[in-house]
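Observations on the three-dimensional arrangement
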Amino acid sequence: MRRTTIAVIATAAVLGLAACDPAATSTTAKTAPAAAPPASSAPPAAPAATTPPAAAAPKQADLPNLVGKGLQSAQDASQAAGFFALTSHDALGRARNQIDDRNWKVCSQTPAPGQQATDSKVDLGAVKLDETCPAADQGTAPQPKAGATMPDFKGKAASVARAALDKSTSLTVQDVSGQSRVVLVESNWQVCSQEPAAGTELTGQPVALKVVKFTEKCP
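Read on for an overview of the structure. Think of each chain on its own: its residues are numbered from 1, step by step along the sequence as written. Only residues with pLDDT of at least 70 get local features here, since the model is predicted, and only at 80 or more are side-chain atom pairs given and counted; chain-wide, interface and lining totals rely on the full set of residues. Values shown for side chains rest on all heavy atoms present in the structure; no hydrogens or waters enter the calculation.

1. What about the overall build of the protein chain?
Condition: Going along the chain from the N terminus, every DSSP run of H or I of four or more residues is numbered as a helix, and every run of E of two or more is numbered as a strand. In what follows, residue pairs with any heavy atoms lying within 4.5 Å of each other are defined as contacts. All accessible-area figures derive from a Shrake-Rupley calculation using a 1.4 Å probe, and residue coverage is judged against the displayed protein chains alone.
Scanning the protein chain for helices and strands turns up 4 helices and 8 strands. Its helices and strands in sequence order give the protein chain the pattern α-α-β-α-β-β-β-β-α-β-β-β, from N to C terminus. In the protein chain, the share of contacts with a sequence separation of at least 24, taken over all contacts with a separation of at least 6, comes to 67%. Roughly 14,800 Å² of accessible area belongs to the protein chain as shown, and the carbon and sulfur atoms make up 57% of that amount.

Structure (structure tokens):
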């Protein structure tokens, strides 16, 4: 019995010593935490520059000769050739609108026939079917514009004179053919005389135009 008691006491002493020794209770080595990478002081790299794509060259096509065609036919031929930026004007310089294209014929064109960029504006100078094309296109010439003095409107359409004058101007247009006709479409009437005369200072005074039709001679 005594021997048993001594053995138990000895075992307990050994276990107590083991509990006090850290090396005896853990065989796993502790791993130090990994060091953080040093912060970089260099700025971030700039994105690579990109080169914009080169603009495509305008498409070229053969613009047909449109002079002598009816205005509607000329426009159709232009579009069939790939030209769609179309405009027209009164080649007689009377500022008339081409309302029914079939009633007009082409006297001039810009640009000229031949290879042209298809995005070019095609401008057609035209007159009515019963009219003669002028030697030079009058529709592209600078139109008179009233400023401080009265322009010379002789031979111009009454509509051109009206457009040139200030909108506040009191204007009368009178037929001097002796027929006492009412002037309705001013683009069909030409100025024979005017009051005040060309070069007179304009101070708000009324303006009077004496007119006949373009198919008639001034008295």
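On we go.
2. Observations regarding the sheet that holds strand 5 (residues 122-128)
Strand-to-strand pairing in sheets goes through backbone hydrogen bonds, with the strands running parallel or antiparallel. Stated precisely, the cut-off is as follows: Strand pairing is assigned whenever DSSP detects at least two bridges linking the two strands. Here an angle of 0 to 180 degrees is reported between the N-to-C directions of two axes, which are lines fitted to C-alpha atoms, with helices fitted over the stretch in contact.
As summarised here, the arrangement of the 3 strands in space is 2-5-3, forming an open sheet in which the pairing is mixed. Every interior strand has two partners, whereas the edge strands, strand 2 (86-90) and strand 3 (104-110), have only one. Ignoring which end each strand starts from, the neighbouring axes of this sheet average 35 degrees apart. Sheet analysis places strand 3 next to strand 5, joined by 6 bridges and oriented antiparallel. Looking at the pairing, Thr 110 lines up with Asp 123 of strand 5.

3. Overview of helix 3 (residues 71-80)
This is how the line gets drawn: For every residue, the accessible area (1.4 Å probe, protein chains only) is compared with the maximum for its type, and the residue is labelled buried under 20%, exposed over 50%, or partly exposed between those bounds. Directions from the helix axis toward the C-beta atoms define the arc.
Within helix 3, the full set of buried residues consists of Leu 71, Ala 74, Gln 75 and Ser 78. Along the axis of helix 3, the buried positions cluster into a sector of 100 degrees, meaning they face one direction only. Those residues of helix 3 that are buried lie in contact with strand 1 (60-63), strand 2, strand 3 and strand 5. A positive phi of about 105 degrees marks Gly 82, the residue just after helix 3.

4. Some words on unusual backbone geometry
The step from Thr 110 to Pro 111 runs through a cis peptide bond, and the omega angle for that step is 5 degrees. Checked against the element boundaries, Pro 111 lands in the loop between strand 3 and strand 4 (114-117). Note that the residue after Glu 195, namely Pro 196, is joined by a cis bond; omega there is 5 degrees. Looking at the secondary structure, you find Pro 196 in the loop between strand 7 (189-195) and strand 8 (207-213). Positive phi is not limited to glycine here, since Ala 95 has a value of about 60 degrees.

5. Points about the pattern of salt bridges
The condition that has to hold: We count a salt bridge whenever a side-chain nitrogen from Lys or Arg sits within 4 Å of a carboxyl oxygen from Asp or Glu.
Following the criterion strictly, the structure yields 6 salt bridges and no others. Close ionic contact of Arg 96 with Glu 131 constitutes a salt bridge, the shortest N to O distance being 2.7 Å. Residue Arg 96 is located in the loop between strand 2 and strand 3, and its partner Glu 131 is located in the loop between strand 5 and helix 4 (158-164); the two are separated by 35 residues in the primary sequence. Its relative accessible area of 16% is what places Glu 131 among the buried residues. The closest approach of N and O atoms between Arg 181 and Asp 175, which form a salt bridge, is 2.9 Å. A residue is classified by how much of its surface remains accessible, and Asp 175, at 7% relative accessible area, is buried. Each member of the salt-bridge network shares a partner with another, and the members are Asp 90, Arg 94, Arg 96 and Glu 131.

6. Things to note about a nonpolar patch on the surface
Spelled out, the test is: Residues enter patches when they are more than 30% accessible in relative terms and free of salt bridges; like-charged ones are connected within 9 Å and nonpolar ones (Val, Leu, Ile, Met, Phe, Trp, Tyr) within 5 Å.
A surface patch of nonpolar side chains, about 330 Å² in accessible area, is lined by Val 182, Leu 184 and Val 185. Here Val 182 is to be found in the loop between strand 6 (171-175) and strand 7. Judged by its relative accessible area of 64%, Val 182 falls in the exposed class.

7. Brief notes about the side chain of Gln 98
To be explicit about the condition: Polar contact is the term for a pair of N or O atoms within 3.5 Å; when the atoms are in protein, one must be able to donate a hydrogen and the other to accept it, and sequence-neighboring residues count only if both atoms are side-chain atoms.
Relative to the helices and strands, Gln 98 resides in the loop between strand 2 and strand 3. Here the side chain of Gln 98 touches His 89 through a polar contact of 3.5 Å, landing on its backbone nitrogen. Aside from chain neighbours lying at most four places away, what touches Gln 98 is Leu 71, Ser 88, His 89, Asp 90 and Trp 104.

8. So, the state of the cysteines
To be explicit about the condition: Here, the term disulfide refers to a pair of cysteine sulfur atoms separated by no more than 2.5 Å.
With the rule as written, the count across this model stands at 2 disulfides. Across a sulfur-sulfur distance of 1.9 Å, Cys 107 and Cys 133 are joined as a disulfide pair. Its torsion about the S-S bond being -80 degrees, the disulfide of Cys 107 and Cys 133 is classed as left-handed. Taken together, the residues Cys 107 in strand 3 and Cys 133 in the loop between strand 5 and helix 4 connect sequence positions 26 residues apart. What makes Cys 107 buried here is its relative accessible area of 18%. For Cys 133, a relative accessible area of 32% corresponds to the partly exposed category.

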